[in-house]
Amino acid sequence: MSGITTSSFAKALWPGVNKWYGDAYAEFKPQWQQLFDKNTSRRAFEEDVGMSLFGLPSVKNEGAPIIYDSARQGFTSRYNHVVYALGFVVTREAVDDDLYDVVGRQKARALAFSMRQNKELVAANVYNRAFNTSFVGGDAATLIASAGGGGSTSHANIAGGTWTNGPTAAVDLSEAALEQAVIDIRGFTNDRGLKIQAKPKSLIIPKELMFEAQRILKTEGQVYSADNTLNAIKTLGVIPEIVVNDYLTDTDAWFIRTDVSDGLKYFERNADEFGMDDDFDTENAKYKARSRFSFGWTDARGCYGSPGV
């Protein structure tokens, strides 16, 4: 078992060090909370099961019987909670001889930083893999499914037929692309093809698009136009919020999170837990951190997106 010994931090044993650096960088505030709805769990996994309900009624002629419809369960989305853990070991001698307290307390703070960073990466990967066919949901399709996505071309309905949650061709972030996205989202239907009210909640982008997104959504006039034309997206307020996520890896992919319930979800089985103990025989100090959670999606109508061009 490898550990931190006196040789790992030899300078900590001698006076004269002016400053230890590298363990106190500012960090981003939690960002995953803007990408997912939080839920708690007391089981090894959670399952969300969809429903396919009723279609439209038909005309009943005089004396004719009523036509009866049926309902059935839909696709199942499973959230398997994964344990993430990390720790380190410090020898008794390294603790005793450390003049600056850089081995114990400061390394414990670094351990907490690693745990927080890991959650951000796991969360962002749901979006980073939105077009990757190796990562599919309950309907065996990628999170974003459209002809212009590079992943699955469509989502399936239990009752038959398909639907998409992306543009017909991959497009970069632009005023026109966002206008079409809002129109497409307002056209979402349920499993039986009945219209539902779906609205954008936020535009989710990588840091590379933060300035362009600001121009598109916040400018009073139409972007890149010499005409005195209003910015309809801003005037209507159809995309209320810009969310910049620093853990997205595709520099031109963009997403719109909608208000459809049971879309992108986070299940917390165990929050971050920290502990430390001493090994009786070696007298080494052992520090550890552990958490258990899952990120994913149930209803892909909770998101719309494009990988960019």
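Residues numbered from 1 in each chain as written. Predicted model: local features only at pLDDT ≥ 70, side-chain atom pairs only at ≥ 80, totals over all residues. Heavy atoms only, no water.

Engineer: Mind showing me how you'd approach the nonpolar core here?
Structural biologist: Side chains of nonpolar character tend, in soluble globular proteins, to be buried together. Counting 25 residues, the largest nonpolar core has F36, V126, Y127, L143, F255, L264 and F295 as the members making the most contacts within it. Going through the elements one at a time, α2 (105-128), β10 (264-278) and β11 (285-297) are the ones with two or more residues in this core. The element that contributes the greatest number of residues to this core is α2, accounting for 4 residues. Beyond its immediate sequence surroundings of up to four residues, F36 is in contact with A123, V126, Y127, R257, L264, K265, Y266, F295 and G296. Counting 21 residues, the second-largest nonpolar core is a separate cluster that includes L173, A177, A181 and Y304. (Core = buried A, V, L, I, M, F, W, Y, C linked by side-chain atoms within 4.5 Å. Buried < 20%, exposed > 50% of the residue type's maximum accessible area, 1.4 Å probe, protein only. Helix = DSSP H or I, 4+ residues; strand = E, 2+ residues; numbered from the N terminus. Contact = heavy atoms within 4.5 Å.)

Engineer: Would you mind showing me how to read the sheet that holds β10 here?
Structural biologist: By definition, the strands of a sheet pair up through backbone hydrogen bonds, in either a parallel or an antiparallel sense. Spatial ordering of the open sheet is given by β1-β10-β11-β4, a layout of 4 strands whose pairing is mixed. The two strands at the open ends of the sheet, each matched to only one other strand, are β1 (37-40) and β4 (82-90). Ignoring strand direction, the axes of neighbouring strands in this sheet form an average angle of 25°. Summarising the sheet, β10 and β11 pair through 12 bridges and their orientation is antiparallel. Counted as the bridge partner of M276 is Y287 from β11. (Pairing = 2+ DSSP bridges. Axes fitted to C-alpha atoms, helices over the stretch in contact; angles between N-to-C directions.)

Engineer: Can you walk me through the sheet that holds strand β8 (residues 242-244) in this structure?
Structural biologist: Read from one edge of the open sheet, 4 strands run β8-β7-β9-β12, paired in mixed fashion. At either margin of the open sheet sits one strand with a lone partner, and together these are β8 and β12 (303-306). Across this sheet, the average inter-strand angle for adjacent strands is 20°, counted without regard to direction. Across 4 bridges, the pairing between strand β9 (residues 254-258) and β12 is antiparallel. Across the sheet, R257 pairs through a bridge with C303, a residue of β12. Across the sheet, helix α3 (residues 175-186) lies against β7 (200-205), β9 and β12, angled at about 35° from β9, the strand it touches most.

Structural measurements only, silent on function.
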